[in-house]
Amino acid sequence: MLFEWSKTNLPKQLFINNEYVASKNSKKLELINPKNGKTITNDVDLANAEDVDAAVEAAEKACPEWKKTSPTKRRDIMNKFADLIEQNGEVLAELTRISLGAPYGSFGKFETDLAAETFRYNAGWIDKFAGESFSQEDGFMKIVRNEPLGVTAGIVPWNGPLGTMGLKAAPALATGNVFILKPSEKTPFSSLALGPLIVEAGFPPGVFQVLSGDGSTGGLISAHMRIRKVSFTGSVATGKRVQEAASKSNLKRVTLELGGKSPAVVFDDCNLENAITWTANAITANTGQVCFAASRVYVQEGIYDKFVAGYKKQMQEKARLIGDPDKESTQIGPLADQAQFDRVSGFIERGKSQGDLLVGGSRVGESGYFIEPTVFTNVNDDAEIVTQEIFGPVSIVNSFKDEAEIMHRSNNTNFGLMAGVFTQDINKALRVASEFDSGMVGVNCVSLMFMNVPFGGTKESGIGRECGSAGLRAFTDTKTIMINLTY
Ligand code: NAD
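As annotated in an unreviewed UniProt entry, the protein chain carries the name aldehyde dehydrogenase (NAD(+)) and comes from Calycina marina. Heading Sequence similarities (unreviewed entry) of the UniProt record for the protein chain holds this comment: "Belongs to the aldehyde dehydrogenase family." Its UniProt record gives the protein chain the following Catalytic activity (unreviewed entry) comment, quoted word for word: "an aldehyde + NAD(+) + H2O = a carboxylate + NADH + 2 H(+)".

Take a look at the structure:
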């Protein structure tokens, strides 16, 4: 089935109980196209308390049946949904691109494929996510079951709306929960467009719903007394608010996927070309608006000058790939909106007095929110461009002498999402990988993820993990059943 949505026929209403319905709120969302700063529309629904309650009520009604639906049926529905995402991939990517500015070739296709894959991967788990049983020699048989939580929700950011949707919705639905999605106010269209695909795939009413809205809607979800779990991806500041609202309400379960300031440590004995390519790609993919981007690059003294020359050249080449995100040849689009543009430009301007500007530093073009890939060198470790997440195509490159020194400097941050080490020495690679205080480490690679292994951060980069079996566990509680065998 191919749906009718397009950039001239945008989905704007809430999707509750398998129907599009108008919000009870007179306040609406305005969306801007970041390639030219022009308003796309100003009448997208913003869910209020009444709308959230309506979705929760429908979800509660749907929950008992969905939980008991046979694993093969649930699997088939999820696989069909994956097929439908794929069939409508180009339109879904366009609906994201219109307000995010991410080109299809370098991001849109990757993201829609990722969303489809989350459903296939998690569908495959449905009849394999086993519990445990324990020996009965003490007279009691013990069974541990993975129980769904009930009504769950996902609150997602704007930088990868469909991918993050899948990372939350798919494990939630696979484990027998019902799910409410709250997309970002900056990129709601691809999420709102899912309605016909949800129906066509065979999800019963109330099982999978979409509420567009802003932080106020997210706040209502986090504080809701009848939502049992929120999986959140976004900034550290908002993540803390979500956790606070969860504990002040019903102690709902919370998974937090937050920001990063990820280090890449490049040793003298690495393959230089490989290190340059991975680190340059890491900070320019999706215009640097990636939580696990390697934004702090540390290079050992012996190859520092050579690395800097090569990295600068690649950044200059990347700058030539910036353009209209709607054109096939474009690899790098604009930043997502004026706020993001002002924020990144502010860091760049202040950065000019914190270190040496190696390359970039300027706006591209007169309209839209395009910015050059930008690199600073020789920056003090306590400068804000080293310590704070910029969330744009901006990195720092500093030199280091030895391993002990650079492990301290790498870990001296409140974040702990991703880290990378580049070396040909396997002993050093494994030593450094275990020393990094982060949820993920790449060896001779950085800023990447796989569906079948845990994704997430330490410290203020988050709580809990997505992907792999960890992703399913995050949407279940264990139940222990103890059977007295004497009677
Ligand atoms: P954000 O925190 O501003 O918003 C994220 C979502 O939270 C949006 O849907 C927003 O409407 C909602 N929200 C806002 N206020 C809320 C509140 N009080 N209660 C509940 N929900 C609320 O983040 P953003 O600007 O959309 O995204 C950028 C951030 O996301 C960056 O920090 C980035 O590193 C992070 N991120 C992390 C990951 C990861 O997996 N670790 C992935 C992508 C992005």
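After presenting the structure, the write-up continues.
A. Structural view of the sheet that holds strand 6 (residues 140-148). Ordered by their spatial adjacency, three strands build an open sheet running 5-6-20, and the pairing between neighbours is antiparallel. If you trace the sheet from one side to the other, it starts and ends with strand 5 (132-134) and strand 20 (476-484), each paired once. Between one strand axis and the next, the sheet turns through 20° on average, direction left out of account. The pairing of strand 5 with strand 6 spans three bridges and is antiparallel. Pairing of Ser-133 across the sheet is with Ile-143, part of strand 6.

B. Region of the structure containing the domain arrangement of the protein chain. Split by domain assignment, the protein chain resolves into domain 1 (14-258) and domain 2 (263-451). The straight-line distance from the C-alpha centre of domain 1 to that of domain 2 is 31 Å. Of the residues lining the interface, 24 residues belong to domain 1; the matching set on domain 2 comes to 25 residues. Buried area between domain 1 and domain 2, both sides added, is near 2000 Å², and the carbon and sulfur share of it is 60%. By the criterion of area lost to domain 2, the three top residues of domain 1 are Pro-34, Lys-35 and Trp-158, representing 27% of everything that side buries.

C. Structural view of the nonpolar core. Phe-81, Phe-119, Met-165, Leu-173, Phe-203 and Phe-208 are the most contacted members of the largest nonpolar core, which totals 73 residues. Those residues within four positions of Phe-208 in sequence are excluded, and the remaining contacts are Phe-15, Asn-18, Phe-81, Phe-119, Met-165, Ala-169, Leu-173, Phe-179, Leu-181, Leu-194, Ile-198 and Phe-203. Judged by nonpolar contacts, the second largest core, of 36 residues, contains Ala-280, Val-299, Phe-307 and Val-397.

D. Fine view of the side chain of Asn-398. Among the secondary structure elements, Asn-398 is positioned in strand 16 (residues 394-400). One polar contact links the side chain of Asn-398 to the main-chain carbonyl oxygen of Val-379, over a distance of 2.7 Å. For Asn-398, the residues in contact, after removing those within four places along its chain, are Val-297, Tyr-298, Val-299, Tyr-304, Thr-377, Asn-378, Val-379, Asp-381 and Arg-409.

E. Molecular detail of the sheet that holds strand 14 (residues 356-359). Taken in spatial order, the seven strands line up as 14-15-16-13-12-17-18 in an open sheet, and their pairing is mixed. The open sheet has two edge strands with one neighbour each: strand 14 and strand 18 (440-443). Averaged over all pairs of adjacent strands, the angle between their axes in this sheet comes to 25°, without regard to strand direction. Examined bridge by bridge, strand 13 (residues 294-300) and strand 16 share five bridges and lie parallel to one another. When the sheet's bridge partners are listed, Arg-296 is paired in strand 16 with Ile-396. In this fold helix 14 (residues 403-411) packs onto strand 12 (262-266), strand 13 and strand 16, with an angle of close to 155° to the strand it touches most, strand 16.

F. Highlighting the environment of Ala-115. Structurally, Ala-115 can be placed in helix 4 (residues 104-125). Its relative accessible area of 0% is what places Ala-115 among the buried residues. In this structure the C-alpha to C-alpha distance between Ala-115 and Gly-166, which are 51 residues apart in sequence, comes to 4.8 Å. Beyond its immediate chain neighbours, meaning those up to four positions away, Ala-115 contacts Ile-85, Leu-162 and Met-165.

G. Inspection of the packing of helix 2 (residues 71-87) against helix 4 at higher detail. Put simply, helix 2 and helix 4 touch, their axes get as near as 8 Å, and they point 170° apart. In terms of orientation, helix 2 lies roughly antiparallel with respect to helix 4. Where helix 2 crosses over helix 4, the two elements pack in a sense that is left-handed. Across from Arg-75, Met-78, Asn-79, Phe-81, Ala-82, Asp-83, Ile-85 and Glu-86 in helix 2, the residues of helix 4 making contact are Thr-112, Asp-113, Ala-115, Ala-116, Phe-119, Arg-120, Asn-122 and Ala-123.

H. Here's a closer look at the site of the ligand. The environment of the ligand is made up of 29 residues, and the closest members are Lys-182, Glu-185, Ser-235, Leu-258 and Glu-389. At 2.7 Å from an oxygen atom of the ligand is found a side-chain nitrogen or oxygen belonging to Lys-182. Residue Glu-389 places a side-chain N or O atom 2.6 Å away from an oxygen atom belonging to the ligand. Bound to the protein, the ligand loses 87% of the 850 Å² it would expose on its own. Of all the secondary-structure elements, those providing two or more residues to the shell around the ligand are helix 8 (215-222), strand 10 (229-233) and helix 9 (236-248). When residues of the shell around the ligand are assigned to domains, at least three map to each of domain 1 (14-258) and domain 2 (263-451).

Reading the values: the criteria
- Residues numbered from 1 in each chain as written.
- Predicted model: local features only at pLDDT ≥ 70, side-chain atom pairs only at ≥ 80, totals over all residues.
- Heavy atoms only, no water.
- UniProt positions renumbered as here; feature names shortened; annotations may be inferred.
- Pairing = 2+ DSSP bridges.
- Helix = DSSP H or I, 4+ residues; strand = E, 2+ residues; numbered from the N terminus.
- Axes fitted to C-alpha atoms, helices over the stretch in contact; angles between N-to-C directions.
- Domains from an automatic or database assignment.
- Contact = heavy atoms within 4.5 Å.
- Buried area = accessible area lost by both parts, 1.4 Å probe.
- Core = buried A, V, L, I, M, F, W, Y, C linked by side-chain atoms within 4.5 Å.
- Buried < 20%, exposed > 50% of the residue type's maximum accessible area, 1.4 Å probe, protein only.
- Polar contact = N/O pair within 3.5 Å; in protein donor to acceptor, adjacent residues only side chain to side chain.
- Parallel < 35°, antiparallel > 145°, perpendicular 65-115°, else oblique.
- Left-handed = near helix turned anticlockwise from the far one by under 90°.
- Near = heavy atom within 4 Å.
- Areas by Shrake-Rupley, 256 points an atom, 1.4 Å probe, with all protein chains shown as cover.

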